[in-house]
Amino acid sequence: MLKPESYAAGRWIAPGETATTIIGPVSGEPIAVAGGAALDMQEMLDHARTKGGPALRAMTFHERAKMLKALATYLDTRKEELYALNPATGATRRDGAIDIDGGIGTMFVFASKGRREMPDGHVYIDGEVEQLSRKGTFLGQHIAVPLQGVAVHINAFNFPVWGMLEKLAPTLLAGVPAIVKPATQTSYLTEACFRMMIESGLLPEGAAQLIVGRTGDLLDRLGAQDVVSFTGSADTATMLRSNPNLVKNSTRFLAEQDSLNAAILGPDADPDSPEFALFIKEATSEITAKAGQKCTAMRRLIVPESQLEAVAKALSDKLGNIVLGDPSSKETRMGALASLDQKADVLEKLAQLAPETRVICGGPDALSDNLANGAFLPPTLLACDDPDAATVVHSVEAFGPVSTLLPYRDLAHAAELANRGGGSLVSSLFTNEPQVARDVTLSSAAWHGRIYINGRASADESTGHGSPLPHMVHGGPGRAGGGEELGGVRGVLHYMQRTAIQGSPDMISAITGTWIKGAAETTGPQHPFQRTFDEIVIGETLHTDPRTVTLDDIEHFAHFTGDTFYAHMDEEAAKANPFFPGRVAHGYLLLSFAAGLFVQPDPGPVLANTGLNGLSFQKPVSPGDSIKVRLTCKRKTKRTDAYGEVAWNVTLTNQDGDQVAEYELLTMVSYER
């Protein structure tokens, strides 16, 4: 008998006397007891706010990203222990890969995003500096900093590992501690994964806690700096988000709810096309993976009227070959629903759908007697012949292996039917016609969190309709909850406060750790390219001597490179151009001269020039003009144990002091000489 424990204020707490008995979905027999312990919710909140929060905020984004990578690596070495528990949830090994490997992979992605797209500091810069005054002495900048509260994660039963890790990764990267509350039915698998993270010793004390069972009065104790992130039914979300205390404190509430996701077979996809085959393949997978218990599963299959019977036959043939049974068996293609209660709910929803649909294949009557005691249900395909008159089909979700075929007249009708779901996490389109993709997107994107388009060109590498990727937003409008998760750094910002700061360049620079124009400049004791990463100081500046640009320079560069554009070679043609006074120097000639002016040629800590960002030319340079360079250390970012990245602001000015070009130069600089 499994007995998952809560982890509160640094202590493991066993199930209490009023623990819930968990009935296994495969055998129909008890497999675990969970919850019922008397947890002190205020103690948990205090522990997170006084221990976990300060410890996480003391770390930089990159340090938190390294922590996530180490956690993911550790879990990856022990994932077979999680796979051993996975069949008890009713899921097959293939289903478990979506949950277990998917969750670990999500942590790896956020670790990478944190290192590559966030600063090696404590303040995230959101957008460019806003000049709020004529002379530039008063500026504005949007920043984001970690909330100083707690993130409460309330997760669903269908993904006990991924559901936890996909919320934890952006939360911890933001610098916010979390209290995780998994669904009781599959909490034993969540607890096993959570226990591994605690045993790894990689998390600061108080960074993560676990509630197995009820949350008690936890929501009544949250404040303005806290966040509730919920995954589950729309009814439960409505009940939770209307908590008077959450409303009073404007506590952030992120919801990822059930939705009637649609899949459209394009009008160009006839039965012999690759797109038709892809549609059948993915629909089969979406109906059967996790026994249809995916918030992104295809619930409504929208197909051309002329293709309805062909799709029905092809899909029912595929579904008829699905082996249903014990998920631990290698022959099994689809396991059980997560619980007997969940099976009863799906059967109830099928009864509600019955007046508007007909059964193509499957249904409860097709279940073999030997599986009757478990939470099994055959993959079921319905058809709604009059989707315009239907209402239940567009409002009731059977959260199991059930999908409904809907015929459409034309593309506008298909988009209209997809939108009638009232807001979904994902809508997909199978087509080989770019114009079809454009028309559907413009008609439907406002109603769906993600538009997945697949066809012959992307089939080999596409990740599938039902796969939320950590790089992309997971959420949707309306019925889907109106929230967002994942989406790379976008997901991290949900746990941070965006604040507008205003002040002088020095003030803004000090706060962000990034030099901006107008902030103080310093001069180092030697050429900056002879200084190590740690020795270089933000704002450290090199001013070069000037160099005169001659007509011979321009002509030599033109013939040497082959860039003989008329503005550099033909005086009359150049004068006729409204941008130039006559023949002018190549922009790339100026960059080359700039490098020659500021580069120190001797070996030193600078290892390589790895990039150039934001290049712009403000004023042409004519023969006889001179240029000089200002090179200023803008920001520093540690990259490996041996070297870091230094970004330099580079400006070129002419003999009159007018700026002619600007860019950001990236160099890799060693920590040692």
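Look a little higher up for the structure.
A few points on the structure. Keep in mind that what you see is a predicted model, and the values were worked out from it rather than measured. Sequence order sets the numbering: in each chain, residues are counted from 1 along the sequence as written. Totals for whole chains, interfaces and linings use all residues, but because this is a predicted model, local features are given only for residues with pLDDT of at least 70 and pairs of side-chain atoms are given and counted only at 80 or more. Values shown for side chains rest on all heavy atoms present in the structure; no hydrogens or waters enter the calculation.

**What to know about helix α15 (residues 505–512)**
Note on helix geometry: an α-helix contains 3.6 residues per turn, so any two residues three or four positions apart are oriented the same way. Buried, partly exposed and exposed residues are distinguished by accessible area as a fraction of the type maximum, computed with a 1.4 Å probe on protein chains only: under 20%, between the cut-offs, and over 50%, respectively. Helical segments are the DSSP runs of H or I of at least four residues, strand segments are the runs of E of at least two, and each set is numbered from the N terminus. When we look at burial in α15, the residues that qualify are P505, I508, S509 and T512. Axial view of α15: buried residues confined to an arc of 100 degrees, hence all on one face. Set apart from the buried face of α15 by more than 90 degrees, the exposed residues are M507 and A510. Where α15 is buried, its residues meet β5 (124–131), β6 (139–146) and β21 (496–503). Directions pointing from the helix axis toward each C-beta atom define the arc. Throughout, a contact is declared for two residues whenever any of their heavy atoms are within 4.5 Å.

**Considering the sheet that holds strand β14 (residues 358–361)**
Pairing between strands is defined by DSSP: at least two bridges between them are needed. Across the sheet, seven strands lie side by side as β14-β15-β16-β13-β12-β17-β18; this open sheet has mixed pairing. Two strands lie at the open edges of the sheet, namely β14 and β18 (451–454), each paired on one side alone. Strand-to-strand twist in this sheet, taken as the mean axis angle between neighbours without regard to direction, amounts to 25 degrees. By the bridge criterion, three bridges tie strand β12 (residues 262–265) to strand β13 (residues 300–304) in an arrangement that is parallel. Note that in β13 the partner of A262 across the bridge is R300. Helix axes use the C-alpha atoms of the stretch in contact, all axes being lines fitted to C-alpha atoms, and the angles between their N-to-C directions lie in the range 0 to 180 degrees. Strands in contact with helix α9 (residues 274–288) are β12, β13, β15 (380–383), β16 (402–408), β17 (427–430) and β18; relative to β12, the strand with the most contacts, it is inclined by about 160 degrees. Its contacts with the sheet put helix α10 (residues 308–320) on β12, β13, β14, β15 and β16, and the angle it makes with β14 is roughly 55 degrees.

**Topic: the packing of aromatic side chains**
Paired rings are identified among Phe, Tyr and Trp, the last through its six-membered ring, by centres lying within 6.5 Å, and are further divided according to the angle between planes into stacked (under 30 degrees), edge-to-face (over 60) and tilted (the rest). Per the counting criterion, the structure on display carries 12 aromatic pairs. Note on Y7 and W12: the rings are 4.7 Å apart at their centroids and 50 degrees apart in plane angle, and the pair reads as tilted. Residue W12 is classed as partly exposed on the basis of its relative accessible area of 27%. Taken together, the ring pairs in this structure connect Y7, W12 and F194 into an aromatic cluster. Over the ring of Y83 we find R93; its NZ or CZ atom is 3.7 Å from the centre of that ring. The criterion for a charge sitting over a ring is simple: Lys NZ or Arg CZ within 6 Å of the ring centre, and within 35 degrees of the ring normal.

**Topic: the pairing of β17**
Neither face of β17 is left uncovered, since the one carrying S427 and L429 and the one carrying S428 and F430 both have all their residues buried. Two strands pair when backbone bridges link them, and β12 and β17 are joined in this way by four bridges, in the parallel orientation. Bridged to L265 within β17 is F430. With four bridges joining them, β17 and β18 adopt parallel strand pairing.

**Details of the packing of helix α2 (residues 61–77) against helix α4 (residues 93–117)**
Their axes nearest at 8 Å, the elements α2 and α4 cross at an angle of 155 degrees. The angle between α2 and α4 places the two elements in the roughly antiparallel class. As for how α2 packs across α4, the hand of that crossing is left-handed. Only D101, I104, M107, F108, F110, A111, G114 and R115 of α4 make contact with α2, whose side of the interface consists of H62, A65, K66, L68, K69, L71, A72, T73, L75 and D76. In this classification, the charged set is Asp, Glu, Lys and Arg, the nonpolar set is Ala, Val, Leu, Ile, Met, Phe, Trp, Tyr, Cys and Pro, and all remaining amino acids, among them Gly, are polar. Tallied by class, the residues present in the contact of α2 with α4 amount to 10 nonpolar, three polar and five charged. Convention used here: angles under 35 degrees read as roughly parallel, angles over 145 as roughly antiparallel, angles from 65 to 115 as roughly perpendicular, and any remaining angle as oblique. We call a crossing left-handed when the near helix sits turned anticlockwise from the far one by less than a right angle, and right-handed when that turn is clockwise.

**Here we look at the pairing of strand β20 (residues 483–486)**
Pairing geometry for strand β19 (residues 473–476) and β20, over four bridges, is antiparallel. Each bridged residue has a counterpart across the sheet, and for H474 the counterpart in β20 is E485.

**Concerning the sheet that holds β21**
As summarised here, the arrangement of the three strands in space is β5-β6-β21, forming an open sheet in which the pairing is antiparallel. Of all strands in the sheet, those with a lone pairing partner are β5 and β21, marking the two edges. The sheet shows a mean angle of 20 degrees between the axes of neighbouring strands, taken without regard to direction. Note: β5 against β6, five bridges, orientation antiparallel. Across the sheet, residue Q131 finds its bridge partner in β6, namely L139.

**A few points about the environment of F61**
Mapped onto the elements of the fold, F61 is located in helix α2. With relative accessibility at 0%, the residue F61 sits in the buried group.

**Notes on unusual backbone geometry**
Phi is positive for A9, which is not a glycine, with a value near 50 degrees. With a phi angle near 50 degrees, S250 is a residue other than glycine that sits in the positive phi range. Structurally, S250 can be placed in the loop between α8 (244–249) and β11 (252–257). Residue class for S250 comes out exposed when judged on its relative accessible area of 59%.

**Focus: the state of the cysteines**
Only a pair of cysteine sulfur atoms within 2.5 Å qualifies as a disulfide here. For the structure on display, the rule yields zero disulfides. With no disulfide of its own, C193 lies closest to C295 among cysteine sulfurs, the gap being 18 Å. For C193, a relative accessible area of 1% translates into the label buried. As a non-bridged cysteine, C361 has C384 as the owner of its nearest cysteine sulfur, 16 Å distant.

**Things to note about the packing of helix α16 (residues 551–561) against helix α19 (residues 587–598)**
Contact pair α16 / α19: the axes reach a minimum separation of 10 Å and the direction vectors enclose 110 degrees. Of the possible angle classes, the one that applies to α16 and α19 is roughly perpendicular. Between α16 and α19, the residues in contact are D553, I554 and F557 and Y588, L589, S592 and F593, respectively. Split by residue class, the contact of α16 with α19 holds five nonpolar, one polar and one charged.

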